[in-house]
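Here are the chains, one letter per residue:
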Amino acid sequence: MSDLMTIYVPLESTARSLGADDVVLAIAEQAARCGQDVEIIRNGSWGMSWLEPLVEVVTDRGRMAYGNMTADDVPGLFDGGCEAMCLGLTAEIPYLGNQDRLTFGRCGLTDSLSLDDYQTHGGFRGLEKALGMTAGQIVAQVTASGLRGRGGAAFPTGVKWNTVLSADSARKYICCNADEGDSGSFADRLLMESDPFCLIEGMIIAALAVGADKGFIYLRSEYPLCKEILSEALITARAAGWLGENIKASGRDFDIEIRMGAGSYVCGEETAMLESLEGRRGMVRAKPPLPALEGLFGQPTVVNNVLSLATIPVILDRGAEFYRNYGQGNSRGTTAFQLAGNIARSGLVEKAFGISLRELVTDYGAGTATGRPLKAVQVGGPLGAYLYEGDLDLPMDYEAFADAGAVLGHGGIVVFDDSVDMVAQAKFAFDFCALESCGKCTPCRIGSVRGAELVAKIQAGEDMADNFSMIRELCDVMEAGSLCAMGGMTPIPVLSALKDFDRESGQ
Amino acid sequence: MPKNTRNIVDWDEGEARRVIAPCARLRGGLLEALHALQHAFGYVPEESCALLAEAFNLSRAEVYGVRSFYEDFRSAPSGDHVIEVCQAESCQARGSRKLTAHAQNILGLRLGETSVDGHVTLRAVYCLGNCAVSPNITLDGKLYGRVSAERFDRLLKKAGL
Ligand SMILES: Cc1cc2nc3c(=O)[nH]c(=O)nc-3n(C[C@H](O)[C@H](O)[C@H](O)COP(=O)(O)O)c2cc1C
Ligand code: SF4
């Protein structure tokens, strides 16, 4: 053997949590043993999480994928002993091939930290176009694309930017919300680890659009690898002149700083995040004033989710029309659905809005991982509804979900099989609210504690009917009397979890 | 942040001041300072609160308020080894309640406790963002996915626990 062998092994948390680093060591050892020159490239993740560590060997035909690679399997990569694990060409794996990869187009494809790779695959083309446009033109493009915030509230991004653009202030900020606290969600992390320059590019475009010169990424502390990767990407981008003073001789300045969260879910709420960025307790602020007008340090501020910002480059590059041609109704473009929990083929599926929950869970996800019947699906994080078999034909669309009393949120989809105890899930929703409440509103702070106690009584079989109706009343109070969605939406998982219990006990 | 706290350092005011100073130059840098102190000492020592108050021009009560709001900041050292077991929905769907019971049994600790000899801390965590391969844990700051009871035992053994 003499020809250089090129092998991709993801540098991404999921792959690493399943032994990708051991695989890298084993490859290096085996290469030395058989005198084979090997180049190992640490790419991002393709998002086919159930196959991680997904290792690829470059061949004449393209990149050959091998799933669930372990260090013990590595010798087989060299002597053909792994053929049974070969999944064929990565790009032709249907799970991936059938997606609409716009935001995540480079994830898995490129070396996460290579600026060359980034630019070879379309990176900075959106920004280059933006540099030739006026602020108003950029905002108009984003508005026309129909992009709505991917952090959960689905507010039109262009409208928010326009407010910040119109605000008169010498100092404006771009704050990227990378707090990703929802269980079942990992798309922000996957993007930041796999294609960090894409987020950076999106933030620079946002800065050009509203006239900001400083940006922050508020990153949750549970993501230490993201911090490393983003920090390195920021240094690289700065050195190449994409960040800092006089970006690419445009006369514009913009730089980005990473700030770490500290284990608080409510700090994902945008005003709590701003408080936290200012070094205070993460207490939710009353609105108005809107953060767009009085945000960080009292200045006009764009607060956007990682995915909202990371979608900006492709919109600027390919145009608003191209983007809005995906999707349906008022849900334009694509979004990242994350298949999690008890599901056979877990991972990230970027698809145009409108695909049904059933297609995601059954066609992409191939049902439960345990093989037992599916019982419930929680969509949209801990404040999202539990849905059941009869709901699976719902299209993934903001309005369709709202009409069904559910939310798309950040696109997390957690599947449960029939061993789930739905009353325990209802209790957890209250417990979680009690744990994470910022404490400002009584219905949220105290109501959640009382709610958990009431569910515990039901679990103990006490006065079921009475306790049920008290939970319903309590939920009304929480919904009406909470400042933010933490208290205001906790009733959604609680009541949807108990709806099922109601049905069972009524039989 | 999950962290291996094996290197707990004795209180050292000079060191604390050195750690705080660069953060105090950042606008809104109090959280950064708390992270930095925890990194340096393994927890946020009581004594540092007065220094933080001084550096950030806050009352001591405000500093305590911030420190206590956030789960990450600890007022006492953790064990030499720290194990966090995710308790959130995706991991629940893959048996985290059973895994937690198993961990508690094996270690003789409840969530939130540190062994008397200071060797091990067991903690709850709410979502590690690795939900496609639940259930998840961290052991000494390292993330592990698809953790069955057997894998849990193997990981403990490898860490000498
Ligand atoms: C309790 C709570 C937690 C939230 N957590 C997050 C989060 O982790 N990430 C996020 O982007 N948005 C989160 N949000 C939504 C933000 O308040 C805000 O709507 C969003 O960051 C705006 O960005 P977007 O328009 O790009 O979505 C949360 C909201 C609430 C009420
Ligand atoms: S609803 Fe809860 S989390 Fe939200 S502001 Fe009120 S107390 Fe804080």
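Worth saying up front: this structure is predicted, and the values here are computed from it rather than measured.

## Digging into the overall build of chain B
Step number 1: Per the secondary structure count, chain B includes 7 helices and 5 strands.
Step number 2: Secondary structure of chain B in N-to-C order comes out as α-α-α-α-β-α-α-β-β-β-β-α.
Step number 3: If one aligns the C-alpha atoms of chain B with their principal axes, the spans along those axes are about 50 × 30 × 20 Å.
Step number 4: Within chain B, the fraction of its 161 residues that count as buried is 55%.
Step number 5: Contacts in chain B between residues far apart in sequence, at least 24 positions, make up 63% of those at least 6 positions apart.
Step number 6: As presented, chain B carries roughly 7,200 Å² of accessible surface, and 48% of it is formed by carbon and sulfur atoms.
Step number 7: Considering chain B, the positive charge centre built from 20 side chains and the negative charge centre built from 19 side chains are found 9 Å apart.

## Regarding the nonpolar core
Where a protein is soluble and globular, its nonpolar side chains tend to be buried together.
All names here are of chain A.
Step number 1: Counting 148 residues, the largest nonpolar core has Trp161, Leu199 and Leu219 as the members making the most contacts within it.
Step number 2: In terms of residues, this core owes the most to one element, helix α10 (residues 196-210), which gives 12 residues.
Step number 3: The contact partners of Leu219, leaving out residues within four places of it in the chain, are Ala178, Met192, Cys226, Lys227, Leu230, Ile258, Arg259, Met260 and Gly261.
Step number 4: Residues Trp46, Met48, Val377 and Leu408 belong to the second largest nonpolar core, which totals 33 residues.

## Looking at the pairing of strand β9 (residues 301-305) of chain A
All names here are of chain A.
Step number 1: The buried fraction of β9 amounts to 5 of the 5 residues, a majority that puts the element mostly inside the structure.
Step number 2: Every second residue of β9 is oriented toward a common face, with Thr301, Val303 and Asn305 on one face and Val302 and Asn304 on the other, all of them buried.
Step number 3: Across 5 bridges, the pairing between strand β6 (residues 173-178) and β9 is parallel. Within the sheet, the bridge partner assigned to Asn177 lies in β9 and is Asn305.

## Observations regarding the site of ligand 2
Step number 1: Every one of the 13 residues lining ligand 2 counts as a neighbour, but A:Cys438, A:Lys440, A:Cys441, A:Cys444 and A:Cys484 are closest to it.
Step number 2: Broken down by class, the residue content of the shell around ligand 2 amounts to 8 nonpolar, 4 polar and 1 charged.

## Quick word on the sheet that holds β6(A)
Within a beta sheet, neighbouring strands are joined by backbone hydrogen bonds and run either parallel or antiparallel to one another.
Residue and element names in this part refer to chain A.
Step number 1: Across the sheet, 4 strands lie side by side as β8-β7-β6-β9; this open sheet has parallel pairing. Pairing within the sheet leaves two strands with one partner each, and these edge strands are β8 (255-260) and β9. Within the sheet, the average angular offset between the axes of one strand and its neighbour, ignoring direction, is 20 degrees.
Step number 2: Bridge analysis of β6 against strand β7 (residues 214-219) gives 6 bridges, and the strand direction is parallel. Residue pairing in the sheet places Tyr173 in a bridge with Lys214 of β7.

## Concerning the packing of helix α17 (residues 422-436) of chain A against helix α19 (residues 447-459) of chain A
Residue and element names in this part refer to chain A.
Step number 1: Relative orientation of the contacting elements α17 and α19 amounts to 160 degrees, with a least axis distance of 8 Å. The orientation of α17 with respect to α19, classified from their angle, is roughly antiparallel. For the pair α17 and α19, the crossing hand works out as left-handed. Across from Val423, Ala424, Lys427, Phe430, Asp431, Cys433 and Ala434 in α17, the residues of α19 making contact are Gly447, Ser448, Val449, Gly451, Ala452, Val455, Ala456, Ile458 and Gln459.
Step number 2: Split by residue class, the contact of α17 with α19 holds 10 nonpolar, 4 polar and 2 charged.

## Here we look at the domain arrangement of chain B
Step number 1: Segmentation of chain B into domains returns domain 1 (13-69) and domain 2 (81-158).
Step number 2: Relative placement of domain 1 of chain B and domain 2 of chain B: their C-alpha centres are 30 Å apart.

## Here's the deal with the interface of chain A and chain B
Step number 1: Each side of the interface is counted separately: chain A has 61 residues, and chain B has 39 residues.
Step number 2: Between chain A and chain B, a total of about 3,700 Å² is buried, with carbon and sulfur atoms accounting for 55% of that surface.
Step number 3: Taken together, the connections running from chain A to chain B amount to 0 salt bridges.
Step number 4: Inspection of the region where chain A meets chain B yields 25 residue pairs in polar contact (both at pLDDT 80 or more).
Step number 5: Elements supplying a minimum of two residues to the side of chain A that touches chain B: α1 (13-17), β8, α12 (270-277), β12 (334-341), β16 (412-417) and α17 of chain A.
Step number 6: Among the residues making up the side of chain A that touches chain B, the classes are represented as 28 nonpolar, 23 polar and 10 charged.

## So, the sheet that holds strand β4 (residues 137-139) of chain B
Residue and element names in this part refer to chain B.
Step number 1: Strand order in the open sheet formed by 5 strands is β2-β3-β1-β4-β5, and the pairing between neighbours is mixed. Pairing within the sheet leaves two strands with one partner each, and these edge strands are β2 (113-114) and β5 (142-144).
Step number 2: As judged from the 3 bridges shared by strand β1 (residues 81-86) and β4, these two strands associate in the antiparallel manner. By the bridge assignment for β4, Ile83 is matched with Leu139.

## Brief notes about the domain arrangement of chain A
Many descriptions give the size of an interface as the accessible area lost when the pieces come together.
Residue and element names in this part refer to chain A.
Step number 1: As assigned here, chain A comprises domain 1 (5-97), domain 2 (115-324), domain 3 (327-417) and domain 4 (422-505).
Step number 2: Listed as interface residues are 9 residues of domain 1 and, on the opposing side, 7 residues of domain 2.
Step number 3: Interface area for domain 1 against domain 2, summed over the two sides, is near 620 Å², with a carbon-plus-sulfur share of 51%.
Step number 4: When the area that domain 1 buries against domain 2 is broken down by residue, the three leading residues are Leu11, Glu12 and Ser13, summing to 48%.
Step number 5: On inspection of domain 1 and its partner domain 2, the count reaches 1 salt bridge.
Step number 6: The partner of Arg189 in a salt bridge is Glu12, and the shortest N-O contact between them spans 2.7 Å.

## Topic: the site of ligand 1
Residues and elements named next belong to chain A.
Step number 1: Near ligand 1, the surroundings consist of 18 residues, among which Gly151, Asn177, Asn304, Asn305 and Ser308 are the closest.
Step number 2: Lys160 places a side-chain nitrogen or oxygen 3.0 Å from an oxygen atom of ligand 1.
Step number 3: Protein chains bury 91% of the 610 Å² of accessible surface belonging to ligand 1 in isolation.
Step number 4: Looking at the shell around ligand 1 residue by residue, the classes come out as 4 nonpolar, 8 polar and 6 charged.

## Points about helix α20 (residues 464-481) of chain A
Residue and element names in this part refer to chain A.
Step number 1: Helix length check: α20, at 18 residues, gives a terminal C-alpha distance of 25 Å against a target of 26 Å (1.5 Å per residue), a fit within 8%.
Step number 2: All of the buried residues along α20 are Asn467, Phe468, Ile471, Leu474, Cys475 and Met478. Projected onto a plane normal to the axis of α20, the buried residues spread over an arc of 125 degrees and lie on a single side. Turned more than 90 degrees away from the buried face of α20 sit Ala465, Glu473, Asp476 and Ala480, all of them exposed.

Conventions used here
Residues numbered from 1 in each chain as written. Chains lettered and ligands numbered in written order. Predicted model: local features only at pLDDT ≥ 70, side-chain atom pairs only at ≥ 80, totals over all residues. Heavy atoms only, no water. Helix = DSSP H or I, 4+ residues; strand = E, 2+ residues; numbered from the N terminus. Buried < 20%, exposed > 50% of the residue type's maximum accessible area, 1.4 Å probe, protein only. Contact = heavy atoms within 4.5 Å. Areas by Shrake-Rupley, 256 points an atom, 1.4 Å probe, with all protein chains shown as cover. Lys, Arg positive; Asp, Glu negative; His and termini not counted. Charge placed at Lys NZ, Arg CZ, Asp CG, Glu CD. Core = buried A, V, L, I, M, F, W, Y, C linked by side-chain atoms within 4.5 Å. Pairing = 2+ DSSP bridges. Near = heavy atom within 4 Å. Nonpolar A, V, L, I, M, F, W, Y, C, P; charged D, E, K, R; others polar. Axes fitted to C-alpha atoms, helices over the stretch in contact; angles between N-to-C directions. Parallel < 35°, antiparallel > 145°, perpendicular 65-115°, else oblique. Left-handed = near helix turned anticlockwise from the far one by under 90°. Domains from an automatic or database assignment. Buried area = accessible area lost by both parts, 1.4 Å probe. Salt bridge = Lys/Arg side-chain N within 4 Å of Asp/Glu carboxyl O. Polar contact = N/O pair within 3.5 Å; in protein donor to acceptor, adjacent residues only side chain to side chain. Expected span 1.5 Å × (residues − 1). Arc of directions from axis to C-beta.

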